[in-house]
Structures are given as structure tokens and as C-alpha cells.
Amino acid sequence: MDVLALLDVNALASGLSSLSMFPYFDTAHYVVSVMALREQPGALEVSQRSPLACWFSSMLYCFGGAVLSGIIMAEAPVAPLANSTNVLLATLMWYLVFYCPLDAVYCCATMLPVRLVLTGMKEVTRTWKVLGGVTQASRKYKDGVFVMIAVGWAKGAGGGLMSNFEQLVRGIWKPETNELLKMSYPTKVTLLGALLFSLQQCGYLPLQTAQLVLLYTAFIVTNKVRMMLMGSSSSPFAPIESAFHKLLFARPLTSPTQPRSPARPRLADPAHVSEAAGKGASGTSNGSPLPSASEAAKDHRGSESSKKTN
Amino acid sequence: MDVLALLDVNALASGLSSLSMFPYFDTAHYVVSVMALREQPGALEVSQRSPLACWFSSMLYCFGGAVLSGIIMAEAPVAPLANSTNVLLATLMWYLVFYCPLDAVYCCATMLPVRLVLTGMKEVTRTWKVLGGVTQASRKYKDGVFVMIAVGWAKGAGGGLMSNFEQLVRGIWKPETNELLKMSYPTKVTLLGALLFSLQQCGYLPLQTAQLVLLYTAFIVTNKVRMMLMGSSSSPFAPIESAFHKLLFARPLTSPTQPRSPARPRLADPAHVSEAAGKGASGTSNGSPLPSASEAAKDHRGSESSKKTN
Amino acid sequence: MDVLALLDVNALASGLSSLSMFPYFDTAHYVVSVMALREQPGALEVSQRSPLACWFSSMLYCFGGAVLSGIIMAEAPVAPLANSTNVLLATLMWYLVFYCPLDAVYCCATMLPVRLVLTGMKEVTRTWKVLGGVTQASRKYKDGVFVMIAVGWAKGAGGGLMSNFEQLVRGIWKPETNELLKMSYPTKVTLLGALLFSLQQCGYLPLQTAQLVLLYTAFIVTNKVRMMLMGSSSSPFAPIESAFHKLLFARPLTSPTQPRSPARPRLADPAHVSEAAGKGASGTSNGSPLPSASEAAKDHRGSESSKKTN
């Protein structure tokens, strides 16, 4: 019976691997992507002021992964436009979501059951895109595991990684944040996928491609559906990330000095005492390991000498 | 006699098609492009602070189309520099327009008759650039009509489409506007040209290339000269655009609710009434079709849920 | 004896040319580059908030030249990641500089003798990068001296030239300045190197490659060490630049009108007089050659008409 279950899983995996994304899954991807754009602040106003900018933004949401992976692999970023059928399909979805009479399409698609199904199908396309990017990179750079991760990530999460420049198309510029400084859940889960598929491609994982496709797809779909149903935006990776961060990226000197902090004011000059107190208080309130006062003083010296150290 | 006229037109068309752009038309293009840069606010100050940034900006004005079409086709954006003769010619024009003793060249070129001739000649180069872009794309992507339009447009109006990044070279950053959000006349007319030449290339237009070159060139030159003589900046496409916009891109629900608007406050809750009133007032003052109150409420809900819909 | 000295120099030159950059010089380059990043304002905070953005920024500091020259030559910007050994080495240096327990590595490396040696070794890698860029361009564009200069410059000073976008990764955006508007010393000396190596490649310099490598390396290393020891940030090119600037890029009309300035108010209308006075005062206070009043008036007219001159 165990063998039978294994056979079933393998049959399911190979069946999933031979699934065609066109047209149903692609359509779901386009609808969900364009809806995500429409729900950005100011997007509806742009759709009125300039349908062309709105269309271009939508295409970046739909084909951003192909554009970004094209740029970093020196392949034509305009290539997605060569697939006329997909462009026309995405354009039709863009038109229906933004300009459909009575707003019928958007109203239907925002109903929870419909949205759940569409989002689940969109997540399935993510697996295909990540795998496509990893394969594309491995053809050009054999054994280049970092390139595979980068291209797989770019292809799967291109729209998010390019969001600063996508916003610029709509006249919005938010330089203070980007997907590297503060990763969203889709970007994180795509990075994980790119990592897994790259390791599998290089033979470091005891799994076949079809099995990994099944596992990863099941994980992202169930996880996304769970997050939508529970309305939580908390990432399932948060505890792992936090432990990892504390272990590897704690500010040097910060943790050793914390226990000794009562002894430090006596040694430091008054200016530093008040600074350290302020730092300590703010450090407690937001919980992040801030640089200590001596660090801050060192940084200041550093930035003064930075002109001659490039 | 009708046949003779046709012969004449065809002879004229083929004569125009075999016209060489180098050196006279190219020179006119460089002079007019560099003058357009010089007339940007702050450009003269940059020409004093950093001649190199000014030169780089000028080259983007002169060769922006080749740079942008190179980027989107994955061909080297540095390639225009390989044509040393043209770079030296453009550099000479840049020097003469910005730094000529007594400012003689700029003063001459701003005289209306001279400017008319130079601008007319510059417009002729536009046809060649659009056609070049469409042909370049069709060699790589047969039947890829969207790619042809994009590359033709990028090659013909590259400087304008890249203007945000060209301004950045000069230390200016205006994210709130770009050529997609608010197209200028040259960008529009180049898009029209890219569309026509792409359709012709794919065999959808009953015209030969030489004939379309003649027609399009005649249209853009006469139209530009007319606009300069009448000092009007109004586009000849405005009525068509407006009709097109009303027909296709009217906000759904907005037009049906306008006649019913007196009846709506009674149905809506007080918060919505005041919001609708505010919207209505602002909508009247700037004349743009703003989303109605129910739309705005929906958008707000949408933007709150946007985090979980990517 | 003269012949012997010449032999020695040639032996030294060919010995230097066959020097391998990996691993010692590359390591020094990575350490100094990551330290330069760490000494940027706000970089330490980013290293706490997002190690990934910090790592990406560090890689742009370490491999910026390869990325930028890849972009402008239409070669994959992701290619530096394919050299896994160098990426792992740079990543290790990034980790040690930012997160080493007790901050031991950074503290050691900031000691003047250590920093002097590391910076000297980093400067040696600059020669190799510039020469690599020029050779790379000359393979694709024979006789394209402008392309060689551009690619050599991009490869040697890529991190600096891309600094606006590198800062964007860390959430910082300073559009009002860039390396073209205000070149730093490393960018300038790299441009000089790209110029020399390109001229040598095209046969315009009576030197062999190995000799030029020796000369240029000796110049940049001694100059950098001198600047660090004397704590001066003044460029050795300042007098030449200033003379060059006055000779070639003086605003036309500005110098001739300065002696005549007392006579001008009588000719000008009152509005211009007050404007000229204001300009004159500010011109005196910051010492830059500002456009004169008639120029400013012309500029204003120009910017009004700029919409119809593109």
C-alpha cells in the first residue's frame, strides 16, 4: 500500500509537470495581477488620465518576470510582446478589469470564492516561472548556482522586484522602500523556490524535478489560500528568519555590551551617556538591535573619512 | 494624366526613400536636439558646472532612440558611439550650440526661417528612424507586430521616452510625470508612425514602403511647420483621442450614475454623502472624470487588501 | 647602464602584466569596497534591517564595473555571479566587515598601515579592470575608440557611475547629484586610464601595453597613497581642469560683457537691471560664472518655446 501511494504521488507529480499553463492558468494570472494593480493607491486615477500608462503598468505586472530575467540575462526585454496571443489575452483582462461596463468583471472577481480559485491558479504559474528561469540560466551557465537562483527569482517575482520602476510609470516614486529592504511574502516564497529548484538542478537535492514541482506547488497554493482565508499577512517564515537573523546578523559588540551596560556610563563621557540612554530606550521600544553609542561614534568618523576611501 | 501623376508620386517616393540622411539631415537633427536641451530649465547652468554631464545629456537627446531600442532589443546601448563620424558631428554641434564665441550659432539657429528649415529636416529623420526600428524588429521577430511597434516607437521617440533618466543625468528628477502619463506631440506622432509602418511591414496596409515613407514624411513635416508658424501646441489628434477615450475608457458606473446623482445621497450613509460632495466639487473644478464615492470606497477596501493579493 | 635600466623597467612591466589578481588583490578590492559601503551614512542601519539589501549593495560595490560594462555592451549583468569562487570570497569579506564578532576585521582594516596596503592593492586591480574593459570593447568594435573609452571607464569605475541606483537599493535617493555632475577622484583617474589605454589600443601612443600598465599603476598607487597620508581630497588634476574649462567652456558673452557691465544698465529696461544686479551679487558670492541677464532672459523665452521644439 505504501508503494501504491508512492506511485500515485509520482503519477500526480508527472501529471502536474505536463500541465499546460495556457490558457486557463495564464488567464487567472493576468486577472489577479491586473486586480493587484487596480488596488494600488492612485491606479484608478491613472487608468482615467492615461490608459496607455495603465496598460504598460499592467503588462509589467503580468510579464514583469520575463522582462526582468531578460534584462539580467541580456535577452530582449521586449520579447514577451512577441507572443501576440498572450499579450492580447493580458490586454483583454486589463480592459475587462479596468473598464468593463458596470464593472462586472472586477465585482465578480473580488467575491471570495472566485478570488480564492483565481489566486490559487496564479500561484501554480509561479512554480512554472521559477522553474523556467532556473532552466534558462542553467542552459547558459552550467554549475552557476548563484545565477540560477537570481534568474529563477527574477522570473518568478519580477513584478515585485521592479516595483519601484513600475510605480514610476504611474508617476509614483517611493525610493525609501523596495522589495530587498522589506520583502513581501510572494517575493520570499519565490526566493525559496528559486533556491530549491537551483539546488535540485545542480543535483544537491534527492528529488526529481516533477516531485519538487508537486511539493512546492502544494506548499505555495495551500499557504496562500490559508493566508487569504485567515486574513493574516504574517509570513510562515517569520520564526526561522528571526532565529537566523539573531544568529548571523546581530550587530557585533551589541550583544556583549548589553549585560555590561550599567558599567559603561562611568567610563564614557557625558555626551555619550545621554546618547547611549536614548539609544537604549529606542532599542527597547522597537526591539531591533541598534548600534551602540561607541559604534555610532565610529560610524561618524567613518563617514567623514569616506571621501578618501573609495 | 492621372497615370502620370501617379508615376510622379512613385518617382518622388522612391527618390525620397533613397535619400541619405548623412550629413545634412543628421546635422539638422543634432542642432535641433541640442537646442531643445539648451532650452530646458537649468540646462545652461549644467553646461557651466559640468560640461561632461551636458555632453552626455546631449548625446541622449541625439542618439536616445538608438540607445533605448538597443536596450529593449538586447543590443549594445553603447553601439551609437561606435559610429565615430556621427559622434564627432554631434559633439561639434553640441559645442557650437552651447559654447560658440558670441553665441553666434544659437542666435542664428533661433531665427524663425532657419529654425523652420532645421526642424523640418529633423522631422524627416524621424521617418527613417521609425522605419529603421520596425525593420530591425521584423528581422528578429517575424510577425511580432507588437514588438515592431515598440521598437519603432522607441527608436523614433527614444529621447522623450527616456526623459526621466536623461533629466537625472542633469540632476533633475520629476517622477510625477513621464511621456506615458502625458504624451507630447512628437511622441504621439512617432507612435502613429510606428503603428503604420508595422502594419505595412506585416502586409495589412495596401501601400508600398516608399509610398508610406512619402505620406508619413509629408504629414509630419507640414504638421510641424504649421504648429511652429501658428505657435499652437494643440495636437491635431485631440478630437480623435477625446472621442476614443470617451468610447473606450470611460469609468464604468460613472456615466450611468451621473443622471441619478440627486437620488444617491438619500441612499448613502452620511460619511459617503460628504465624500461624494467633496469629490463632486473637485471633479467640477478640474474637469476630470473622477471615480464616484462608491468607487472610492471600493478602492479603499481594495488597497487595504492589496497586501494579500499580489 | 641606460640600456640596463630600460631592460629592468621592461622586465618589471612584463612581470606586473602577468600578475594574477586572484586571490590577494581581489580580496583587498573586496575588503576596501565593502568598507567604503559601510562608511556611507545609513549603511550600518541597513545591514541590520535587511542583510539581503546590504549584501546586494556590497556586490554592486565589488562587481559594479562588470555589471555596468555588461549592461552597456549587452552582455548579461548577472554574469559576475557565475564566478562562484569570487562571489563567495566577496560574500565572506562582506560578512566579516559587517558582522564579524567584536568587529575585529573592520577595526584591523581601519588601522592606517593596513588600510594603506589594502587601498594600494585595490588601486592595482583598477588597472586590470580598465584594461579588461578596453580589450573587451576592442574585440567587438575595432577602431571604435569612443566605445573603448566608455567600456573601460564603466568597468573601472562602475560602482561610482551607478551610485544613484546602488543607493536606491538601500532606500536612499539623491537625484540632485551624480558622478557626471560632480566627478570624484576615482572616477576621474579611471576616465584618464580608459582614455590612455584606448589610445594605446588604437596605436596612437608610442608605448607597449605592459609599459602603460606599469606607468598607470605606479601613478594611481602613489597618488592614492599620497592623498591618504596627507589627508587631502584635492585632485592632482584641478589646475589642468580649471585651465581647460576656462579655455573651452566659458559661457559665451559672459567674459566680454564683464568689463562692459557698468555700461549695460543704461541700455536695459528696469526689470532687467534689477535681475542683472541680483545675478551679479549671487555670481560674486559663489564665484561661478553664471549666465548674464540677457542670457537668462533668452533662456526663459527658450523654456517657454521648448514644448514646440522637440
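Please refer to the structure higher up on the page.
Described in the following lines is the structure provided in the data block. All of these numbers come straight from a predicted model, not from anything done at the bench.

As a further point, take the overall build of chain A. When its secondary structure is counted, chain A shows 16 helices and 0 strands. Taking all 310 residues of chain A together, 48% fall into the buried category. Residue pairs at least 24 apart in sequence account for 73% of intrachain contacts in chain A once pairs closer than 6 positions are excluded.

Once that is clear, we can look at a nonpolar patch on the surface. Residues and elements named next belong to chain A. A grouping of Leu112, Leu229 and Met230 is seen on the molecular surface, where their side chains present a nonpolar patch of about 330 Å² in accessible area. The topology assignment puts Met230 in helix 11 (residues 209–230). Residue Met230 is classed as exposed on the basis of its relative accessible area of 59%.

Time to look at the interface of chain C and chain A. In this complex, chain C contributes 50 residues to the contact, which on the side of chain A involves 37 residues. Roughly 3700 Å² is buried in total at the junction of chain C and chain A, and carbon and sulfur atoms are behind 66% of that figure. At the junction of chain C and chain A, the tally comes to 7 residue pairs in polar contact (both at pLDDT 80 or more). Every element with two or more residues in the side of chain C that touches chain A is listed here: helix 2 (24–38), helix 3 (43–49), helix 4 (51–72), helix 5 (84–99), helix 6 (104–109), helix 7 (112–140), helix 9 (163–169) and helix 11 (209–230) of chain C. In terms of residues, the side of chain C that touches chain A owes the most to one element, helix 5 of chain C, which gives 7 residues. Its residues assigned to classes, the side of chain C that touches chain A comprises 33 nonpolar, 6 polar and 11 charged.

This brings us to the interface of chain B and chain A. On the chain A side, the residues contacting the 37 residues of chain B number 49 residues. For the interface between chain B and chain A, the tally reads 0 salt bridges. Applying the counting rule to chain B against chain A returns 7 residue pairs in polar contact (both at pLDDT 80 or more). Secondary structure elements with two or more residues in the side of chain B that touches chain A: helix 4 (51–72), helix 8 (145–161), helix 9 (163–169), helix 12 (238–249) and helix 16 (293–305) of chain B. Broken down by class, the residue content of the side of chain B that touches chain A amounts to 21 nonpolar, 9 polar and 7 charged.

Taken as a whole, this structure holds 42 aromatic pairs over all chains when the rule is applied. Consider the rings of Phe98 of chain A and Tyr99 of chain A, whose centres lie 6.0 Å apart with planes at 40°: the pair is tilted. Tyr99 of chain A carries the same exposure label as Phe98 of chain A, and that label is buried. Summarising the aromatic geometry, the rings of Trp94 of chain C and Tyr95 of chain C are spaced 6.3 Å apart at their centres and angled 70° between planes, so their arrangement reads as edge-to-face. Looking at Tyr95 of chain C, the relative accessible area reads 24%, which means it is partly exposed. Here the aromatic cluster, defined as three or more aromatic residues joined through ring pairs, consists of Phe165 and Trp173 of chain A, Phe165 and Trp173 of chain B together with Phe165 and Trp173 of chain C. Between the NZ or CZ atom of Arg38 of chain A and the centre of the ring of Tyr106 of chain A, over which it lies, the distance is 3.8 Å.

In this section: the environment of Tyr106 of chain A. All names here are of chain A. Position of Tyr106 among the secondary structure elements: in helix 6 (residues 104–109). Considering only alpha carbons, one finds Tyr106 and Val31, 75 residues apart in sequence, at a separation of 9.0 Å. A polar contact is formed between the side chain of Tyr106 and the side chain of Glu39, at a distance of 2.6 Å.

With an axial shift of 0.0 Å and an RMSD of 0.0 Å, the rotation relating chain C to chain A amounts to 120°. Here the symmetry operator amounts to a three-fold rotation axis. Measuring from the rotation axis to each C-alpha of chain C, the shortest distance belongs to Ala74 of chain C, at 3.3 Å. An asymmetric contact is evident, with only 6% of the interface residues of chain C recurring at the interface of chain A.

Further remarks concern the relation of the copies chain B and chain A. Note: a rotation about an axis with an accompanying shift along it relates these two copies of the chain. Placing chain B over chain A gives an RMSD of 0.0 Å and needs a rotation angle of 120°, together with 0.0 Å of translation along the axis. The overlap is low: 8% of the interface residues of chain B also sit at the interface in chain A, so different surfaces are used on the two sides.

Okay, the pattern of salt bridges next. All chains considered together, the criterion is met by 15 salt bridges over all chains. In this structure, Glu241 of chain A and Lys188 of chain A form a salt bridge, with 3.2 Å as the shortest nitrogen-oxygen distance. Remark: Lys188 of chain A occurs in helix 10 (residues 185–201) and Glu241 of chain A occurs in helix 12 (residues 238–249); sequence separation between them is 53 residues. Here Glu241 of chain A falls in the partly exposed class, since its relative accessible area comes to 35%. Judged by its relative accessible area of 18%, Lys188 of chain A falls in the buried class. Glu123 of chain C is paired through a salt bridge with Arg126 of chain C; the nearest N and O atoms lie 3.3 Å apart. Here the residue Glu123 of chain C and the residue Arg126 of chain C both occupy positions in helix 7, the gap between them amounting to 3 residues, near one helical turn. Here Glu123 of chain C falls in the buried class, since its relative accessible area comes to 1%.

Residue and element names in this part refer to chain C. At their nearest, the axes of helix 4 and helix 5 sit 10 Å apart, and the two run at 120° to each other. Between helix 4 and helix 5, the crossing angle belongs to the class labelled oblique. In this structure, helix 4 meets helix 5 at a crossing whose hand is right-handed. Counted together, Pro51, Cys54, Trp55, Ser58, Met59, Cys62 and Phe63 of helix 4 and Asn86, Val87, Ala90, Thr91, Trp94, Phe98 and Tyr99 of helix 5 form the full contact between these two elements.

Our focus in this paragraph is the packing of helix 7 of chain C against helix 10 (residues 185–201) of chain C. Residue and element names in this part refer to chain C. Helix 10 packs onto helix 7 with a crossing angle of 45° between their chain directions and a minimal axis gap of 9 Å. Of the possible angle classes, the one that applies to helix 7 and helix 10 is oblique. The interaxial crossing formed by helix 7 with helix 10 has right-handed handedness. Between helix 7 and helix 10, the contacting residues are Arg126, Thr127, Val130, Leu131, Val134 and Ser138 on the first element and Pro186, Val189, Thr190, Gly193, Ala194, Phe197, Ser198 and Gln201 on the second. Class assignment of the residues belonging to the contact of helix 7 with helix 10 gives a composition of 7 nonpolar, 6 polar and 1 charged.

Turning next to the environment of Lys140 of chain B. Residue and element names in this part refer to chain B. As for its placement among the helices and strands, Lys140 is situated in helix 7 (residues 112–140). The sequence separation of Lys140 and Thr27 amounts to 113 residues, and the corresponding C-alpha distance is 30 Å. Of the polar contacts made by the side chain of Lys140, one reaches the backbone oxygen of Met73; its length is 3.1 Å.

The rules we used
- Residues numbered from 1 in each chain as written.
- Chains lettered and ligands numbered in written order.
- Predicted model: local features only at pLDDT ≥ 70, side-chain atom pairs only at ≥ 80, totals over all residues.
- Heavy atoms only, no water.
- Helix = DSSP H or I, 4+ residues; strand = E, 2+ residues; numbered from the N terminus.
- Buried < 20%, exposed > 50% of the residue type's maximum accessible area, 1.4 Å probe, protein only.
- Contact = heavy atoms within 4.5 Å.
- Patch = residues over 30% accessible without salt bridge, like charges linked within 9 Å, V, L, I, M, F, W, Y side chains within 5 Å.
- Areas by Shrake-Rupley, 256 points an atom, 1.4 Å probe, with all protein chains shown as cover.
- Salt bridge = Lys/Arg side-chain N within 4 Å of Asp/Glu carboxyl O.
- Buried area = accessible area lost by both parts, 1.4 Å probe.
- Polar contact = N/O pair within 3.5 Å; in protein donor to acceptor, adjacent residues only side chain to side chain.
- Nonpolar A, V, L, I, M, F, W, Y, C, P; charged D, E, K, R; others polar.
- Phe/Tyr/Trp six-rings, centres within 6.5 Å; stacked < 30°, edge-to-face > 60°.
- Lys NZ or Arg CZ within 6 Å of the ring centre and 35° of its normal.
- Least-squares fit on C-alpha atoms with pLDDT ≥ 70 in both.
- Axes fitted to C-alpha atoms, helices over the stretch in contact; angles between N-to-C directions.
- Parallel < 35°, antiparallel > 145°, perpendicular 65-115°, else oblique.
- Left-handed = near helix turned anticlockwise from the far one by under 90°.

Fair warning: the whole summary comes from geometry, so function is off the table for now.
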